[in-house]
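Spelled out from the first residue to the last, the chains are:
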Amino acid sequence: MTLMDLFDRQLAAIADRDLESLLAQYHDDAMVVRFDRVARGAAEIRELFTGYLAAEPEVVEVMSLQVVEDVIFYSALMTIAGNKVTTFGTLVIRDGKIWRQTAAAVPST
């Protein structure tokens, strides 16, 4: 499995709004950091992504992508809860799963 395979599975899980496939991407002691909250561990990450998928996220286009060693750094145009946003984030991979994630979204014009 390559990091691109993991990233592609992440995008597919979001597109399918498949919570279980999305959660399967995360390491047991994963942490997701956003400006509005931090989710640590399986229960908190499940709660975070349950709400996220309910907002009907749609990746319109991946604008930039950098994959280096154990890090994926991305920018994408998305629609979340009907709002067009530009997202930025980092996925740090450990043991083939997402161990740390940062994510931010800003309104897109």
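Residues numbered from 1 in each chain as written. Predicted model: local features only at pLDDT ≥ 70, side-chain atom pairs only at ≥ 80, totals over all residues. Heavy atoms only, no water.

**Some points on the sheet that holds strand 6 (residues 97-107)**
The line we're drawing: In this analysis, strands are considered paired if DSSP registers two or more bridges between them. Secondary structure is summarised from DSSP: a helix means a run of H or I of at least four residues, a strand means a run of E of at least two, and numbering begins at the N terminus for each. Only the stretch in contact is used when a helix axis is fitted, and all axes are lines through C-alpha atoms; the angle between N-to-C directions ranges over 0 to 180 degrees. We call two residues in contact when some of their heavy atoms are within 4.5 Å.
Taken together, the 6 strands give an open sheet; going across it, the order is 2-1-6-5-4-3, and neighbouring strands pair in mixed fashion. Of all the strands in the sheet, the pair left with one neighbour each is strand 2 (38-40) and strand 3 (58-68). Averaged over neighbouring strand pairs, the angle between their axes works out to 15 degrees when direction is ignored. Relative to strand 6, strand 1 (residues 26-34) runs parallel, the two sharing 5 bridges. Bridge pairing links valine 33 to threonine 102 in strand 6. Where helix 1 (residues 3-16) meets the sheet, its contacts fall on strand 1, strand 3, strand 4 (71-80), strand 5 (83-94) and strand 6, and the angle it forms with strand 3 comes to roughly 165 degrees. Contacts from helix 3 (residues 41-54) reach strand 1, strand 2, strand 4 and strand 6, with the element oriented near 55 degrees to strand 1.

**Here's the deal with helix 3**
The cut-off we apply is this: The span expected for a helix works out to 1.5 Å for each residue beyond the first. Any residue under 20% of the maximum accessible area for its type is buried, any over 50% is exposed, and the rest in between are partly exposed; the area is computed with a 1.4 Å probe on protein chains only. By arc we mean the arc of the directions from the helix axis to the C-beta atoms, nothing more.
The terminal C-alpha atoms of helix 3, which comprises 14 residues, lie 20 Å apart, in line with the 20 Å expected from a rise of 1.5 Å per residue. Where helix 3 is concerned, the buried positions are Gly41, Ile45, Leu48, Phe49, Tyr52 and Leu53. Viewed along the axis of helix 3, the buried residues span an arc of 125 degrees, placing them on a single side of the element. Those residues of helix 3 that are exposed and angled more than 90 degrees off the buried face are Ala43, Glu47 and Ala54. A positive backbone phi angle near 55 degrees is found at glutamate 56, which sits one or two residues after helix 3.

**What about the pairing of strand 6?**
Two elements, strand 5 and strand 6, share 10 bridges in a ladder whose sense is antiparallel. Pairing of threonine 87 across the sheet is with alanine 105, part of strand 6. The turn linking strand 5 back onto strand 6 is made up of 2 residues, and aspartate 95 within it adopts a positive phi angle of 55 degrees.

**Description of unusual backbone geometry**
Non-glycine residue arginine 17 carries a positive phi angle of around 50 degrees. Relative to the helices and strands, arginine 17 is located in the loop between helix 1 and helix 2 (19-23). Relative accessible area serves as the criterion here: at 39%, arginine 17 is assigned to the partly exposed category.

**Notes on the packing of aromatic side chains**
Quick note on the threshold: By convention, a stacked pair of Phe, Tyr or Trp rings (six-membered ring in the case of Trp) has centres within 6.5 Å and planes under 30 degrees apart, an edge-to-face pair has planes over 60 apart, and any other such pair is tilted.
Under the defined criterion, the tally for this structure stands at 3 aromatic pairs. Look at phenylalanine 7 and tyrosine 74: their rings are 6.0 Å apart centre to centre, the planes differ by 45 degrees, and that puts the pair in the tilted class. Pair noted here: phenylalanine 7 is in helix 1 and tyrosine 74 is in strand 4, with a separation of 67 residues, a long-range link. For the pair shown, phenylalanine 7 and tyrosine 74 are each scored as buried. Between the aromatic rings of phenylalanine 49 and tyrosine 52, the centroid separation amounts to 5.9 Å while the plane-to-plane angle is 80 degrees, which identifies the pairing as edge-to-face.

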